[in-house]
Amino acid sequence: TLNLYNYYRPRLDLGDEFVLVCLEKGHLALQYFQTRVLVYQRTRSLQTRSEQIFREINRTLVDLYDKYASAKRCAVFAHVDPELSETTGELLHAVFEREIHLLDAGLQRLATGAVAGGLEATGAVIAALGGAERLVRV
């Protein structure tokens, strides 16, 4: 999930303090950054039912807010599997009780011609691109 962050970091102004949520293929990853440094992370495997996603994020937030009260006010960004229900954004809004910025990987601009059908905006592809970009920058 850190490589997922590496992909979005140069493309978006995430700010200094934010929560990054990844919901994809039965996995939840929630990361909290302060001054752009990861200070909290929790990952879970779960079913893609809305009720279970809501409960698991809610449990995670109770733990996060207990340790970092300032997380209650920071921006929330989400990378969501396109196969999940269209109501996932609403579910995230309900559990966080604030605006959620749904991230668009923008892979369509990277793929042209015959290659376009091979690139999907999955967390694995985006994380691989983020890892590769980080290696190039070093």
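Conventions used here
- Residues numbered from 1 in each chain as written.
- Predicted model: local features only at pLDDT ≥ 70, side-chain atom pairs only at ≥ 80, totals over all residues.
- Heavy atoms only, no water.
- Helix = DSSP H or I, 4+ residues; strand = E, 2+ residues; numbered from the N terminus.
- Buried < 20%, exposed > 50% of the residue type's maximum accessible area, 1.4 Å probe, protein only.
- Contact = heavy atoms within 4.5 Å.
- Areas by Shrake-Rupley, 256 points an atom, 1.4 Å probe, with all protein chains shown as cover.
- Core = buried A, V, L, I, M, F, W, Y, C linked by side-chain atoms within 4.5 Å.

**Notes on the overall build of the protein chain**
1) Next: When helices and strands are tallied, the protein chain shows four helices and five strands.
2) Next: Secondary structure elements of the protein chain occur, N-terminal to C-terminal, as α-β-β-β-α-β-α-β-α.
3) Next: The proportion of buried residues among the 138 residues of the protein chain is 41%.
4) Next: By sequence separation, contacts in the protein chain at least 24 residues apart represent 59% of the contacts at least 6 residues apart.
5) Next: When the accessible surface of the protein chain is totalled, it reaches about 7800 Å², and 52% of it is carbon and sulfur.

**With respect to the environment of Glu24**
1) Next: Within the fold, Glu24 resides in strand E1 (residues 18-24).
2) Next: Overall, the relative accessible area of 12% leaves Glu24 in the buried class.

**Regarding the nonpolar core**
1) Next: Within the largest apolar cluster, 23 residues are counted, with the highest numbers of intra-cluster contacts made by Val19, Val21, Ile57, Leu64 and Phe96.
2) Next: Those elements that place two or more of their residues in this core are E1, strand E2 (27-34), helix H2 (50-67), strand E4 (75-80) and helix H3 (88-96).
3) Next: Top contributing element to this core by residue count: H2, with five residues.
4) Next: Among all residues touching Ile57, those that are not within four sequence positions of it are Leu23, Leu28, Leu92, Val95 and Phe96.
5) Next: Counting 12 residues, the second largest nonpolar core, distinct from the first, contains Tyr5, Tyr8, Leu14 and Leu20.

**Brief notes about unusual backbone geometry**
1) Next: Its identity as a non-glycine residue notwithstanding, Arg36 has a phi of 60°, on the positive side.
2) Next: Mapping Arg36 onto the fold places it in the loop between E2 and strand E3 (37-45).
3) Next: Of note in this structure, Glu97 is not a glycine but carries a positive phi near 60°.
4) Next: Residue position: Glu97 is located in the loop between H3 and strand E5 (100-102).
5) Next: Among the residues examined, Glu97 registers a relative accessible area of 70% and is labelled exposed.

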